[in-house]
Amino acid sequence: MNNAPVDMIISGGRVIDPALGFGKDAHVLIRNGAIAGIESDVQKLGDTSGATVIDASGKLVVPGLIDIHVHLREPGREDEETVESGCRAAAAGGFTAVCCMPNTSPRIDNQETVMFVQDRAKNADARVYVVGAITKGSEGKELSEIGDLVKVGAVAITDDGHWVENSEIMRRAMEYSKMFNIPVMDHAEESTLCASGIMNESFESTRLGLRGRPAVGEEIAVMRDIALCRATGARLHIQHLSTRRAVEAVRAAKAEGIRVTTEACPHHFVLTDEAIAKEFNTCLRVNPPLRSADDREAIIEGLIDGTIDCIASDHAPHAQEEKDCEFDLAPPGMIGLETTLGLVKTYLIDKGYLNWADAVAKMTINPAKMFNLPGGTLKTGSPADITIIDPDASWTVDQSKFRSMSRNSPFIGWKLQGQVYRTILGGRVVFEREA
Ligand code: DOR
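Just so it is clear, the model here is predicted, and its values are computed rather than measured. (Residues numbered from 1 in each chain as written. Predicted model: local features only at pLDDT ≥ 70, side-chain atom pairs only at ≥ 80, totals over all residues. Heavy atoms only, no water.)

Examining helix 2 (residues 111-120)
We apply this condition: Burial classes: relative accessible area under 20% of the type maximum marks a residue as buried, over 50% as exposed, and values in between as partly exposed (1.4 Å probe, protein chains only). Every helix listed is a DSSP run of H or I at least four residues long, and every strand listed is a run of E at least two residues long, numbered separately from the N terminus. What the arc describes is the spread of directions from the helix axis to the C-beta atoms. Residues count as neighbours in contact if any of their non-hydrogen atoms are within 4.5 Å of one another. Polar contact criterion, stated in full: a pair of N or O atoms within 3.5 Å, where within protein one must be able to donate a hydrogen and the other to accept it, and residues adjacent in sequence count only if both atoms are side-chain atoms.
Looking at helix 2, one finds that the buried residues are T113, V114 and V117. Seen from one end, helix 2 has its buried residues packed into an arc of 105°, which puts them on one side. Where the residues of helix 2 are buried, they touch helix 1 (83-92), strand 7 (95-100), strand 8 (127-133) and helix 3 (146-151). The residue sitting at the N-terminus of helix 2 and contributing the capping side-chain oxygen is N110; that oxygen lies 3.2 Å from the backbone nitrogen of E112.

Here's the deal with the packing of aromatic side chains
The condition is simple: Pairs were defined over the aromatic rings of Phe, Tyr and Trp, the Trp ring being its six-membered one, requiring ring centres within 6.5 Å. Orientation was assigned from the angle between planes: stacked under 30 degrees, edge-to-face over 60, tilted for the rest. Lysine and arginine charges are scored as sitting over a ring when NZ or CZ, respectively, is within 6 Å of the ring centre and within 35 degrees of the ring normal.
Inspection of every chain in the model, using the stated rule, returns 3 aromatic pairs. For the ring pair F280 and F327, a centre distance of 6.2 Å and an interplane angle of 75° mean the geometry is edge-to-face. Of this pair, F280 sits in the loop between helix 10 (274-279) and helix 11 (293-305) while F327 sits in the loop between helix 12 (320-323) and helix 13 (340-349), placing them 47 residues apart in sequence. In this structure F280 comes out as partly exposed when scored by relative accessible area, which is 40%. Here Y347 and W414 contribute two aromatic rings whose centre-to-centre distance is 6.1 Å and whose plane-to-plane angle is 55°, an arrangement assigned as tilted. Here Y347, found in helix 13, pairs with W414, found in the loop between strand 16 (386-396) and strand 17 (415-425); they are 67 residues apart in sequence, far enough to count as distant. Classification of W414 as partly exposed rests on a relative accessible area of 25%. Taken together, the ring pairs connect Y347, F411 and W414 into an aromatic cluster. Against the face of Y421 rests K59, its NZ or CZ located 4.4 Å from the ring centre. For R422, the ring lying beneath its charged end belongs to Y421, and the centroid distance is 4.3 Å.

Let's talk about the site of the ligand
Condition: Throughout this document, a residue counts as near a molecule or strand when at least one of its heavy atoms sits within 4 Å of that molecule or strand. Note that accessible areas follow from Shrake-Rupley with a 1.4 Å probe, and for residues the cover is restricted to the protein chains shown. Classification convention: Asp, Glu, Lys, Arg as charged; Ala, Val, Leu, Ile, Met, Phe, Trp, Tyr, Cys, Pro as nonpolar; all other residues, Gly among them, as polar.
Taken together, 13 residues lie near the ligand, and R73, N103, H187, N287 and H318 sit nearest. A distance of 3.4 Å separates an oxygen atom of the ligand from a polar atom in the side chain of D160. Between an oxygen atom of the ligand and a main-chain N or O atom of G161, the distance comes to 3.5 Å. Relative to its free-state accessible area of 290 Å², the ligand is covered by the protein chains to the extent of 94%. A class-by-class count of the residues in the shell around the ligand yields 3 nonpolar, 8 polar and 2 charged.

Brief notes about the state of the cysteines
Here is the rule we go by: Here, a disulfide means two cysteine sulfur atoms that sit within 2.5 Å of each other.
Under the defined criterion, the tally for this structure stands at 0 disulfides. Between C194, a free cysteine, and C265, which holds the nearest cysteine sulfur, the sulfur-to-sulfur gap is 16 Å. Assessed through its relative accessible area of 0%, C194 is described here as buried. Looking at the unpaired C283, the closest cysteine sulfur is the one in C325, lying at 10 Å. On the basis of relative accessible area, C283 is assigned to the buried category, the value being 9%.

A closer look at the pattern of salt bridges
Going by this rule: Salt bridge, as used here: a side-chain nitrogen of Lys or Arg that lies within 4 Å of a carboxyl oxygen of Asp or Glu.
A complete count under the given rule lists 25 salt bridges for this structure. We note a salt bridge from E74 to R120, for which the minimum N-O separation is 2.6 Å. In this pair, E74 is assigned in the loop between strand 6 (65-70) and helix 1 and R120 in helix 2, connecting sequence segments 46 residues apart. The exposure class of E74 is buried, given its relative accessible area of 4%. Between K136 and E142 there is a salt bridge, with its nearest N and O atoms 3.0 Å apart. The partly exposed category is assigned to K136, whose relative accessible area is 31%. Within this structure, R73, R77, D79, E80 and E322 form a network of salt bridges that share partners.

Digging into the environment of E219
Structurally, the position occupied by E219 is in helix 7 (residues 215-232). It is 46 Å that separates the C-alpha atoms of E219 and H27, two residues lying 192 residues apart in sequence.

Let's talk about the side chain of R235
Note the following rule: The positive count covers Lys and Arg only, the negative count covers Asp and Glu only, and His and the chain ends enter neither.
Mapped onto the elements, R235 comes out in the loop between helix 7 and strand 13 (236-238). Of the buried charged residues, R235 lacks a salt bridge, with D309 as the closest side chain of opposite charge at 11 Å. Only 2.3 Å separates the side chain of R235 from the backbone oxygen of M370, close enough to count as a polar contact. Ignoring anything within four residues of it in the chain, the contact list for R235 reads N181, I182, P183, V184, R259, K369, M370, F371 and N372.

As structure tokens, this is what we get:
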């Protein structure tokens with residue numbers, strides 16, 4: 001009999017934990033910051049007197065969501081986001097853990113910078129797992145000290161923002177990553193074809209007179225990366241997959257048994273390049289760019305058949321004054337932590353493409369497994385990282401409510417379904433939706 005004090009009971013919600021194959025109405029008991037049990041019959045949880053009760057009737061109770069692609073901008077651009085503000089945004093979006101990208105200033109390519117970010121995250125509202133740079137300064141010339149990065153806790157490596165053009169360097173990065181059992185994440189856009197492009201190369205880019213980033217650039221990059229992954233036996237993770245051909249290449253690689261995983265971002269399964277001409281909203285500039293309707297369809301097909309393992313926001317805060325300019329001068333990227341869940345519900349679940357269990361798996365246990373992260377499940381003994389979702393809430397994206405320090409979302413003013421009700425981190429309520 002465990003006599004430790006009862007912390008909290010989440011009562012009466014529908015508990016969905018894909019890792020446990022669990023999906024029914026139940027009560028979740030939290031004790032000392034960990035999951036102490038899940039039972040449909042509250043009596044079976046034993047003495048729960050003194051527990052704080054959260055009434056979750058009509059809500060979904062799921063493992064804390066995990067976002068493996070987030071830019072926290074610290075160190076260097078604390079005017080756009082800090083570890084603290086980014087984690088507040090994460091909590092508001094239902095994420096209890098994020099993996100932060102190394103394209104800060106300075107780059108996260110050494111132990112000191114990894115530890116600096118970890119230190120900033122100590123009391124934050126989400127767990128922060130640091131991803132180190134593949135090459136020093138992400139310049140693509142010299143490998144970072146990958147073993148050193150892993151020694152202090154880096155969970156993966158990437159030069160996100162840039163493709164690692166030099167295949168020999170990428171091969172060596174994969175060989176090292178294999179020794180340390182971490183995935184190599186790649187921003188797969190072949191640089192000679194894509195680096196100077198502003199939007200998807202298409203009829204639209206020609207009509208608008210904007211330089212194109214062709215889909216074939218992603219296809220080539222993904223195929224090169226898969227070839228190196230096959231040759232080295234490393235774990236490859238393709239970031240923000242956006243084209244049909246790339247989805248097909250990954251599907252074939254997986255069928256062959258190659259250790260490749262992928263993510264899709266909400267903007268790639270919700271928007272297409274046609275949105276740009278409508279408003280020239282610089283928040284629509286992103287790399288890889290918004291693609292064609294056919295590409296968008298292929299991303300959804302990849303999400304449905306499991307070619308795409310997880311959903312990640314690519315939360316990329318940018319200062320208002322840098323986005324207030326001509327489309328081709330704006331820095332690429334959009335924020336996403338606080339809109340991802342609503343976009344998943346509205347554009348994947350309500351459209352009948354994914355059910356809740358599949359969508360939750362792509363934001364919990366799948367990323368946890370791929371990146372060897374704790375969490376992603378409500379199994380007894382796991383940290384009590386929990387997201388409570390109001391699946392029926394209708395809401396309008398309101399920039400004045402963002403916890404992020406930046407406002408660069410193309411979804412401002414959009415009506416979405418499904419909203420976070422509470423976010424719980426290690427048994428502590430870190431986000432509570434006001435009634
Ligand atoms: O649009 C993007 N913005 N793509 C990236 O790969 C980097 C990101 C950023 O850091 O702003």
